[in-house]
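# Topology and contacts: notes
The chain contents come next:
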Amino acid sequence: MRWYQRFFRRGLTEKHLDAELRFHLDQRIADLVATGMAQEEARRRARLEFGGLDQAKEECRDVGASHFFEILIQDLRYGLRLLARSPGFAAVALLTLTLGIGLNTSIFSVVDGLFLRSLPAENPDQLVWMYGMRQGQVVTASYPDYLDLCRQGVVFSGIIAVSRRGALLNTGGDAELVRADLVSENYFSMLGINAPLGRTFVAGEDWSGHKAPPVVIGHGLWQRRFGGDPGVVGRTAVFNGVHAVILGVAPQWFGGLDRGNAADVWLPANAWPGYGDLRDRAYRDFDLLGRLRPGVSVEKVHAELDTIARRLSDAFPATDKGLTFLVEAEAERLQRFIAPVVLLLGGVGLVLLICCGNISGMMLARAEARQREIAVRLALGAGRGRLLRQLLTESMMLALLGAGLGLLLTAAFLHLQPALLPPGPFVTPYDFRVDARSLAYTLAVSLLAALISGLAPALQASRTDLVSTLRAEEGKMNHRRLWLGGRNLLVAGEVALSLTLLIVAGLFLESLIFSEEINPGFDTSKKMLIVSLHPSAGAATSNREFFLPALEKIRSLPGVKGATYAFRMLLSGSGGGVRCEVSIPGVEPPSGQKGFIIKFNSVGRDYFQTVGARILRGRAFDAQEEAPTHRSVLINESMARRFWPNTDPVGRHLVVEGSDYQIIGLAQDGTINDIHEPLEPYIYFPFAQ
Amino acid sequence: MAEQKAELLKGTLDMLILKIVALGPIHGYAIAQRIQQISREFFQLQQGSLYPALHRLEDRGWLQAQWRPTDTGREAKFYALTKVGRKQLEAEVANWERITAAVALILRTAE
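A short tour of the structure in this document, coming up.

## Some details on the interface of chain B and chain A
Contact residues are listed per partner, giving 14 residues for chain B and 17 residues for chain A. Elements with a contribution of two residues or more to the side of chain B that touches chain A: helix 2 (28-38), helix 3 (50-59) and strand 3 (75-81) of chain B. Here the side of chain B that touches chain A gets five residues from one element, more than from any other, and that element is helix 3 of chain B. Looking at side-chain class alone, the side of chain B that touches chain A contains four nonpolar, six polar and four charged residues.

## Here's the deal with the sheet that holds strand 3 of chain B
Residue and element names in this part refer to chain B. Reading across from one edge, 1-3-2 is the order of the three strands in this open sheet, with antiparallel pairing throughout. One side of each edge strand has no neighbouring strand; the edge strands of this open sheet are strand 1 (26-27) and strand 2 (63-69). Bridge count for strand 2 against strand 3 is seven bridges, and the pairing is antiparallel. From the neighbouring strand, Trp67 faces strand 3, where its bridge partner is Lys77.

## Thoughts on the environment of Ala365 of chain A
All names here are of chain A. Position of Ala365 among the secondary structure elements: in helix 13 (residues 338-369). A count of 15 C-beta atoms within 10 Å places Ala365 in the partly exposed class. A C-alpha to C-alpha distance of 8.7 Å links Ala365 and Pro457, two positions 92 residues apart in sequence.

## As for the pairing of strand 7 (residues 214-217) of chain A
Residues and elements named next belong to chain A. A two-sided burial pattern is seen for strand 7, the buried positions comprising Pro214 and Val216 on one face and Val215 and Ile217 on the other. By the bridge criterion, four bridges tie strand 7 to strand 9 (residues 242-249) in an arrangement that is parallel. By the bridge assignment, Val216 is partnered in strand 9 with Gly248. Taken together, the two bridges between strand 7 and strand 10 (residues 265-268) define a ladder with antiparallel strand orientation. When the bridges of strand 10 are listed, Val216 appears paired with Trp266.

Rules used in this analysis
- Residues numbered from 1 in each chain as written.
- Chains lettered and ligands numbered in written order.
- Predicted model: local features only at pLDDT ≥ 70, side-chain atom pairs only at ≥ 80, totals over all residues.
- Contact = placed C-beta atoms within 7 Å.
- Helix = DSSP H or I, 4+ residues; strand = E, 2+ residues; numbered from the N terminus.
- Nonpolar A, V, L, I, M, F, W, Y, C, P; charged D, E, K, R; others polar.
- Pairing = 2+ DSSP bridges.
- Buried ≥ 20, exposed ≤ 12 C-beta atoms within 10 Å, placed from the backbone.

Here it is in structure tokens:
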């Protein structure tokens, strides 16, 4: 009989055992009576010959019970009964563990999604990022440089180029700004990703000259805009006014290489020659990811990249002079995030430790109550190991129940998590999920929790002094001794941990308050609503026809005090910014360059007043700037400090892409993408034209 | 009583049971009788200790049990040897013979 059969047919087994032994005795009695012995005497004699009946039975039962699972199930049944008998303890312990483990799993899912998971590609270990290094600054690559690297490099089995763009998608109804990755055509084949629907573009495929360029769309966009239509392949979608044919749909789990910022569409660069300037070596906007051939040494990679960089530097001094390449594996790149990983996992780890401490305390208290039971078991011959095992099984059971509920908590958290992110047009649902990795983590964490919370009480309980416990009334006499050592340690540890967490939380709070005080360059007390407007394809696209009437309508809404428009949003968080090349009469540009590369924005005329950015000198834009011939700009304080130190910049001139502009005002400094970045020069152009 | 009784050597009970069951399906009481008869009442066997052994051998898959009526019509649990059990018996007998031969050899040469 297998252990599980025995488990389910426990009653039957017991009946059989009884019958078998009774048969033996009856048979012996019958035989003895047949020899002439009296019935009573025969019965006595048979029992004597048989020996201990109960002991034999017990040993027979033990034969089955020596199985691992049998004991486990026995202990689990016992543990569950015990829990059911003290629902208060069960509820508190489970709640504590659920919170502790759920918190850990949730944070692990987040940390894993952000900082730990390897790139979503085949053999991610072979992949390395490549950056350019020029004049002491890390730069991204230009498309011509990328093509040269591909042609001349031999250490890589493939290199891909990726540039994150925005594109205006129009599928006939509303227009939507989508995240488009402009990629080299070998992107999917190099990463080893196939389209579950349709196909992807592949290495060597030349799309230049195609009337309708191809796109691969993301699973999310497919669901959102096309209702998951399986017939989407071959349909036309309009991106930035260009009719493109949908070639395939990417797998659901694939959102590109930018963590937490999934791409909506992928466009092969060679099909979109007009999109960005792919022939311009000065236009550095591509991240490069290479796949190393197996067995290639780091030295060889560096040597080859140095050679290519030298060649580029010699051949194209205007753009590539002094260029070198850096290589970084994803794992190395992720090491930059070790601090938040340690902080987050360590923090929630401490919380779990405190939870374990609490449960440990409760178990110690329970161990006291169970002292008599345990003493009785020991007296009946239960081994200390067996007892330990049972007590640990009980805490494992608690921990695993907690883990199950904790996973539910995590699932709920991950479901609600998008609501915790600040709203904005570019916020994507992060790819946080409960997968095999987080399940393994949860299991490890909960087993650890079981050990931490259960081991001390179990050891303590099984050390019960038999005689004094059994003698003592209600086993209460020696509870003092049992309590002191372990519990003091526990309380001290918990206080220490709580204090640590409290201090860390305090530090977090302080930096939060500190970041409140950062001056972002506008009045944060104003309530602002940022709306991104995208004219639908074929509709009016000039500012006069579209934005001005739209603005008028918004201004006339009740409750709106003011409205303006800008090319780039405040603190858009995109990490980049539009740039232009500026030359300033009397200021020497950096060597090898025609001018300074400076970020800019184009803003409506009430912009400064509406967002609450102060004009320190000069004036803001007004009706004069609505004339297309009037070329005026405002600059920020950083720009004034850098180029006109000690003089008033208002009234000065600068040249942007060949046209002369006059500075009419000085605006207060502000950060561009997010409040943590350093201040830098910034130019405001009038948006009116 | 002048007769000398010996404790059964540890581990030999299993072998004896297997040997007896090898003769054909048999119930526990009969096994106990057999052991006592064959050994001419030499071994002192607490009959109760037979059953844990039987259950252990069954659990290891060396014996197979079945409830069947005896001659008197009463149901009893009959044990029979399995294939694995037969192999085990052969191995144990071979082992036993090796040990006794070795012990006998030592005793003879030591004289």
